[in-house]
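Understanding the architecture of this molecule
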2 protein chains.
Amino acid sequence: MAPKSASARVPAPRWRRRAEARPEEILEAALAEFTAKGFEAARMEDIAKAAGLSKAAIYLYFPSKMALLEALIEAKVSPLAHQAATLAAAGQADPLTALRMLSTAIAALMADPKVVAVPRLVIGVCGRFPEIAEYYRVQVVAKARGALEQLIEAGVAGGKIRKVDAAAAVRAFIGPLLFEAMWTHVLKGETALNDPRKLIEQQFDVLLNGLEPRA
Amino acid sequence: MAPKSASARVPAPRWRRRAEARPEEILEAALAEFTAKGFEAARMEDIAKAAGLSKAAIYLYFPSKMALLEALIEAKVSPLAHQAATLAAAGQADPLTALRMLSTAIAALMADPKVVAVPRLVIGVCGRFPEIAEYYRVQVVAKARGALEQLIEAGVAGGKIRKVDAAAAVRAFIGPLLFEAMWTHVLKGETALNDPRKLIEQQFDVLLNGLEPRA
DNA sequence: TCTTTATAACTAACCGGTTAGTTAGTTGCA
DNA sequence: TGCAACTAACTAACCGGTTAGTTATAAAGA
C-alpha cells in the first residue's frame, strides 16, 4: 500500500515553526477580516485561515478576540498619534506650514482603508467595550487634539493666526478630513482623497480665508 | 390551595391587543438596544422585553433583525435629510443665515444620542451589509450634500460668499459637527455640544473669517 | 554522524453557551 | 364563535474558546 518513501518525497510538512513572524501575520489577517465584516461578525476560524494556521494557534499568541482588537489599536494608531504630536510640537515656529504638512500626512492616512478601519472598529464596538473607547479617547484623540491646540495657540501668540478659539480651529482642521474619510470608506462614495493635493489646497483656502468675502 | 377566584380579580391580562402602536414601540426599543450594544450584540429577546412583548411577536411585525435596522434608518434619518434639503433650498436668498440656522438645527440633533446612534450603526454594519451603506449614501448624505452645495453656490453667485470650492465648503461646514458628535457619543469626551450657542458662534467665526489674520 | 530526549509549535475535534428564527397552542376581543 | 394578536417552548446553527494529542526542531550524548 503506502509506497515506502525513497521515491516518495518527504511529504511537504503541514506547517512550519515560525513563532517570530506569527503575531504580525495574525494581526494583519485580523485587521482584514474585521475591516471586511466588522468585529463581531469576523470569525476566528477565518482569521486563522487567512493567517495560514489553525484557530487554536491564534490562542497561543493572543488570549482572546478582544485582545486582537486591542493589539491592533496599539500597533496601528497609537504611534500615529505620537507622530502627530511630535510634528505639531516641532512646527510651533511656523504653525501654518506645520498644519499644511500635517494635513497632507493625514490625508494620505485617511486614504488608506487599513488605517481608517481601526477608528471604524472603535465606533462599532464602543458600546460594548467602553474601555476601548476610553483608551482611544485618552491615548489617541485627546493627545492629538491637545498637540494641535497648542500649535494653534502658538500661532495666535505669534500673530500668524487670528485670535480664534483653539478647539474650534482644531475641529475645523480635522473635521473635514474625518468627514471625507467616512464618506469614502463607509459609504463608498466618489472620493476627493484620490487627489490629496487638490483636497488640501481647497481645504486650506476655506480654512485660512473663510467663506466671507474679504474687504 | 389555589383560591377559587370570585374574590380573585380577573387576573390582569397578560397582554392587550395593540397592533397599531406596536411597530413604533418595537423600533424605539430596538434603537435603544442597538445604541447600547451595537447591532450584532443586541438580542431580539431584550428588544422584545423592552418593548413589552415576546420575541416571537416582533416577527409578526418585522421579518428579521436586519429589517429592524432598515426601518430605523428609514424612520429616523430619511426625513431628516429631506428636511435639511428643504431648509437649504429655502435659504438660497440669504445663504449665510440659512447656514447658521442649519448649523443650530444640526448641532441640536448631534447632541441627541438617539439620532447619532443611527449613523454609528451604519458605520458598524456597512462591511456586512453594503446595501445599507448604499442606501444611506444615496438617500441621506448625498442628498444633504447636494443641497448644501447648491446653497453655497447660490451664495457665491450672489456675492455673499467668497469664490470657494463648494464641496470643500460643505466639508468645512459639516465636518466639525461630525467630529464633535463622534467625540461626544463614541469617545464619551467632554463635549462642546452642551452649549450649542457657543459652539456655533466659534464654528462660524472660523468658518466665515478663516484662520489667517485679516489685513 | 546518528540516535535519543525534550519541548515549542501546531492541529483536529470538541464543548458549552448563545441566539435568530419557528411552531403549536392560548388569549383577548368583536 | 371566529380570528387576530400574542406567547412559551422549541430548533438549528453558529462560534469563541479549550483540550488532548501530533509534529517539527533543537540539543545532548554516543
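Definitions and cut-offs
- Residues numbered from 1 in each chain as written.
- Chains lettered and ligands numbered in written order.
- Predicted model: local features only at pLDDT ≥ 70, side-chain atom pairs only at ≥ 80, totals over all residues.
- Heavy atoms only, no water.
- Helix = DSSP H or I, 4+ residues; strand = E, 2+ residues; numbered from the N terminus.
- Contact = heavy atoms within 4.5 Å.
- Least-squares fit on C-alpha atoms with pLDDT ≥ 70 in both.
- Expected span 1.5 Å × (residues − 1).
- Bend = angle between axes of the 7 residues up to and from the residue.
- Axes fitted to C-alpha atoms, helices over the stretch in contact; angles between N-to-C directions.
- Parallel < 35°, antiparallel > 145°, perpendicular 65-115°, else oblique.
- Left-handed = near helix turned anticlockwise from the far one by under 90°.
- Buried < 20%, exposed > 50% of the residue type's maximum accessible area, 1.4 Å probe, protein only.
- Arc of directions from axis to C-beta.
- Domains from an automatic or database assignment.
- Buried area = accessible area lost by both parts, 1.4 Å probe.
- Salt bridge = Lys/Arg side-chain N within 4 Å of Asp/Glu carboxyl O.

So, on to the side chain of A:Ser103. Its place among the elements puts A:Ser103 in helix H6 (residues 95–111). For A:Ser103, the contacting residues outside a window of four places in its chain are A:Phe173, A:Leu177, A:Ile200, A:Gln203 and A:Phe204.

Further remarks concern the relation of the copies chain A and chain B. With an RMSD of 0.1 Å, the operation that places chain A on chain B is a rotation of 180° combined with a shift of 0.0 Å along the axis. Taken together, these values place the two copies in the relation of a two-fold axis. Taken together, the interface assignments show that 100% of the residues at the interface of chain A recur at the interface of chain B, consistent with an identical surface on both copies.

Before going further, it helps to examine helix H8 (residues 130–157) of chain B. In a regular helix each residue adds 1.5 Å, so 28 residues correspond to 40 Å; H8(B) covers 38 Å between its end C-alpha atoms and thus fits that length. Of all the bends in H8(B), the greatest, near 40°, is centred on B:Arg137. In the core, the buried residues of H8(B) are packed alongside helix H9 (166–185) of chain A together with helix H4 (65–76), helix H5 (78–90), helix H6 (95–111), helix H7 (113–125) and helix H9 (166–185) of chain B. Two residues or fewer past H8(B), B:Gly159 is found with a positive phi of approximately 80°.

The next thing to look at is the packing of H6(A) against H9(A). Residue and element names in this part refer to chain A. The contact between H6 and H9 brings their axes to 10 Å, and the two run at 15°. Judged by the angle between their axes, H6 and H9 are roughly parallel. The element H6 and its partner H9 pack so that their crossing is right-handed. Residues Leu99, Leu102, Ser103, Ile106, Ala107, Met110 and Ala111 of H6 pack against Phe173, Ile174, Leu177, Leu178, Ala181 and His185 of H9.

This part is about H6(A). Residue and element names in this part refer to chain A. An ideal rise of 1.5 Å per residue puts 24 Å on 17 residues; H6 measures up with 24 Å between its terminal C-alpha atoms. Pro95, Leu96, Ala98, Leu99, Leu102, Ser103, Ile106, Ala107 and Met110 are the residues of H6 that are buried. Seen end-on, H6 carries its buried residues on one side only, within an arc spanning 165°. In the core, the buried residues of H6 are packed alongside helix H5 (78–90), helix H7 (113–125), helix H8 (130–157), H9 and helix H10 (196–209).

Attention now goes to the domain arrangement of chain A. All names here are of chain A. Considered domain by domain, chain A is made up of domain 1 (22–72) and domain 2 (77–209). Once you take the C-alpha centre of each, domain 1 and domain 2 turn out to be 28 Å apart. Contacts between domain 1 and domain 2 engage 11 residues on the former and 10 residues on the latter. For the pair domain 1 and domain 2, the summed buried surface comes to about 990 Å²; carbon and sulfur atoms form 69% of the total. Per-residue buried area on domain 1 facing domain 2 is highest for Leu31, Thr35 and Met66; these three make up 40% of the total on that side. Across the contact surface, domain 1 and domain 2 share two salt bridges.

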